[in-house]
Amino acid sequence: MNEEAVKKLTEQGCMVGKDAAEIITKEDVEMIGDLEATPMYVSDQMLVSLRKKMSQKVVVGSDGSTMKEEVSSEVEGEASVDRVQEQEQGEQALENKQQKPEEREDSSQVDPNSDVFEEKSPNFSTEKTVVLRDDGSRDEVDTKVELMNDYGVSRDEKDVPEFLQYYNDRYDKMKKLLMRRSELRSATSVKRLERRSEGDQAAVIGMVKDKYSTSSGKYIVSIEDKTGTFKALVNEREGDKIIPDEMLGISGNMGGDIIYADSVIRPDLPIPDGVKTTKDEVKAAYISDLHIGSEDTLHDRLDRFADWLGTKDASDVGYLVMPGDVVEGVGVYPGQEDELDVNDIYKQYEMFEKWIQKVPEDIQIIIGPGNHDIVRLAEPQPKLDEDVLEKATEYSNVHLVNNPQMVRLHGIRSKGIKNLMYHGHSFDEQIDAIKELRENAYEEPYRVMVDLLKRRHLAPTYGSNLLSPESEDHLVIEEKPDVFVSGHLHSHSNYSYKGVNVINSSTFQAQTDFQKRVGHEPDPGKVTLVNFKNRNTEVKQF
């Protein structure tokens, strides 16, 4: 068994089956790394199939014809991962492109609604856009939605006692998560740390109170727990990533009144011992940031997506998950009224309700709020009021949830798939606080999402977003999700980290004037689908 190859894939969140581990090679790891999305699980049959498919390439002849050129290979089998399917689709698209116009027009795949693509972005490709193939008939699927820890959000006035209770709860929860790390099982309190002699090995868990850089480029970090405060000297690389108020562990050697840190330990997610799946073939679709009511809302593409849900191609879609900003809102930022198509927020929600009516009734719709919705801005945000969506809440398939919220989907003949929904309002401050996130997280939002999974908190720094101190901190990621889905950034990501599907759900809003001024190019109209039976994903463009 190639232990190094298995370890590398495991670190990427890809589990390797026992038989596959016996035959996997370094070249296989590189091949899997080249896939658009890392698969959750690789069996020996999948590995063999992938080798065969990847050994083929399309060659365009001088006469415009296409053919597959085989590279020497001794493996055979059927393809069963997303990348192979995408390659086949790409080959078919290339073949279609080579056909004469009259030959293509004879196909039933010609889309009569192609004029809806006027609003584009550099990320848009007409060739990759979903085509509606049938008359709107679809088979129904069994579904089940469960809200885990469906907490209430207090509307009472908060003061110092509530903040103390909130941070004590955060400290206790985060300490429990950190104590699971083998490096911190011998961690001591700050008070006992003061009794250690110089040169002794020591480990401590605490909340970051402050940090400042030294002339050598290193950082002195002030850590506090319930017994006191202590300082640690950490290197530049680790110090750059440390942010105020996060909980972490420090391991190193005592140097009098300071710890010389050898390592900074975060709670992180455990290495998965398997991938949770369902017995049924059922999929969830993830979208966000519709911003209905804006003059930049892409209504035609949104309607095409609803139409597609009614086709036979979407018969296995049982869930539609939407983590916030379903409407544009009113008065969210200065000058917004000049960019509104509908300046009455209640009429915006009426438009959203009309769109919901286009979605098949057997698809369960889970809706959380965002910073543009008609709820308080402070997190955790309460679910949308039923009076706002009066018609929609009468439908048995519409579920309103808090932000954040853990939702278990399809616990039918299985334990179901845990979805952590969070709109993502804290992302902006988190990205701004860390250099490596500032460089690429707006274009690749999975980076900030993975960063927060490692810290096991959705908004570690107080002030990164407005906070309402409840009796407990609902932004702690106590339980490992199977899917972590967000929105807010109007980009798109489909990533895998330690057995978790990390999805940033695109948007159905074109580039706004504000985005033009700051140079941000959105990636609209993309829908991520997760197959709960094998946890493979696909992305469809509308």
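Quick notes on the rules
- Residues numbered from 1 in each chain as written.
- Predicted model: local features only at pLDDT ≥ 70, side-chain atom pairs only at ≥ 80, totals over all residues.
- Heavy atoms only, no water.
- Phe/Tyr/Trp six-rings, centres within 6.5 Å; stacked < 30°, edge-to-face > 60°.
- Helix = DSSP H or I, 4+ residues; strand = E, 2+ residues; numbered from the N terminus.
- Buried < 20%, exposed > 50% of the residue type's maximum accessible area, 1.4 Å probe, protein only.
- Lys NZ or Arg CZ within 6 Å of the ring centre and 35° of its normal.
- Contact = heavy atoms within 4.5 Å.
- Pairing = 2+ DSSP bridges.
- Axes fitted to C-alpha atoms, helices over the stretch in contact; angles between N-to-C directions.
- Salt bridge = Lys/Arg side-chain N within 4 Å of Asp/Glu carboxyl O.
- Right-handed = clockwise from strand over helix to strand, strands pointing away.

Observations concerning the packing of aromatic side chains
Turning to step 1, where the next piece is worked out: In this structure the tally under the stated criterion is 11 aromatic pairs.
Turning to step 2, where the next piece is worked out: Arranged with centres 6.0 Å apart and planes meeting at 85°, the rings of F163 and Y462 form a pair that is edge-to-face. On the criterion of sequence distance, the pair formed by F163 in helix α7 (residues 160–178) and Y462 in the loop between α14 (446–455) and β17 (483–486) is long-range, its members being 299 residues apart.
Turning to step 3, where the next piece is worked out: A residue is classified by how much of its surface remains accessible, and F163, at 25% relative accessible area, is partly exposed.
Turning to step 4, where the next piece is worked out: Classification of Y462 as partly exposed rests on a relative accessible area of 45%.
Turning to step 5, where the next piece is worked out: With 6.4 Å between their ring centres and 20° between their planes, F305 and W308 make a pair best called stacked. In this pair, F305 and W308 both sit in helix α10 (residues 299–309), 3 residues apart, roughly one turn of the helix.
Turning to step 6, where the next piece is worked out: On the accessibility criterion, W308 (2% relative accessible area) is buried.
Turning to step 7, where the next piece is worked out: Ring pairs connect the aromatic residues F305, W308, F352, W355, F508 and F542, which therefore count as one cluster.
Turning to step 8, where the next piece is worked out: Just above the ring of Y219 sits the side chain of K211; from NZ or CZ to the centre is 4.6 Å.

Some details on α10
Turning to step 1, where the next piece is worked out: Listed as buried for α10 are R301, L302, R304, F305, A306, W308 and L309.
Turning to step 2, where the next piece is worked out: Where α10 is buried, its residues contact β11 (283–286), β12 (317–323), α11 (345–356), β20 (526–531) and β21 (537–541).

Remarks on the sheet that holds strand β18 (residues 492–497)
Sheet strands pair via backbone hydrogen bonds, and the direction of the pair is either parallel or antiparallel.
Turning to step 1, where the next piece is worked out: Overall, mixed pairing links the 6 strands, which are arranged β5-β15-β16-β17-β19-β18 in an open sheet. Both outer strands of the open sheet, β5 (145–148) and β18, are each paired with one neighbouring strand and no more. On average, adjacent strands in this sheet sit at an angle of 20° to one another, irrespective of strand direction.

Observations concerning the pattern of salt bridges
Turning to step 1, where the next piece is worked out: Inspection of the entire model under this criterion finds 26 salt bridges.
Turning to step 2, where the next piece is worked out: Between R376 and E470 there is a salt bridge, with its nearest N and O atoms 3.2 Å apart. Note that R376 is positioned in the loop between β13 (364–368) and β14 (398–400) and E470 in the loop between α14 and β17, a separation of 94 residues in sequence.

Points about the environment of D142
Turning to step 1, where the next piece is worked out: In this fold, D142 is placed in the loop between α6 (101–105) and β5.
Turning to step 2, where the next piece is worked out: Separated by 270 residues in sequence, D142 and I412 place their C-alpha atoms 8.4 Å apart.
Turning to step 3, where the next piece is worked out: Each residue touching D142, except ones within four places of it in the same chain, is listed here: Y319, H410 and I412.

Observations regarding the sheet that holds β21
Turning to step 1, where the next piece is worked out: Across the sheet, 6 strands lie side by side as β14-β13-β12-β11-β20-β21; this open sheet has mixed pairing. One side of each edge strand has no neighbouring strand; the edge strands of this open sheet are β14 and β21. Strand after strand, the sheet turns through a mean of 20° between neighbouring axes, direction not considered.
Turning to step 2, where the next piece is worked out: Alignment of β20 against β21, held across 5 bridges, turns out to be antiparallel. For L529, the partnering residue across the bridge sits in β21 and is E538.
Turning to step 3, where the next piece is worked out: Here α10 sits on the sheet in contact with β11, β12, β20 and β21, set at roughly 155° to β12.

Quick notes on the pairing of β12
Turning to step 1, where the next piece is worked out: Most of β12 sits out of view: 7 of its 7 residues are buried.
Turning to step 2, where the next piece is worked out: Pairing of β11 with β12, which is carried by 4 bridges, proceeds in the parallel orientation. Across the sheet, A284 pairs through a bridge with Y319, a residue of β12.
Turning to step 3, where the next piece is worked out: Assessed by its sense of winding, the connection that carries the chain from β11 through α10 to β12 is right-handed.
Turning to step 4, where the next piece is worked out: Pairing of β12 with β13, which is carried by 5 bridges, proceeds in the parallel orientation. By the bridge assignment for β13, P323 is matched with G368.

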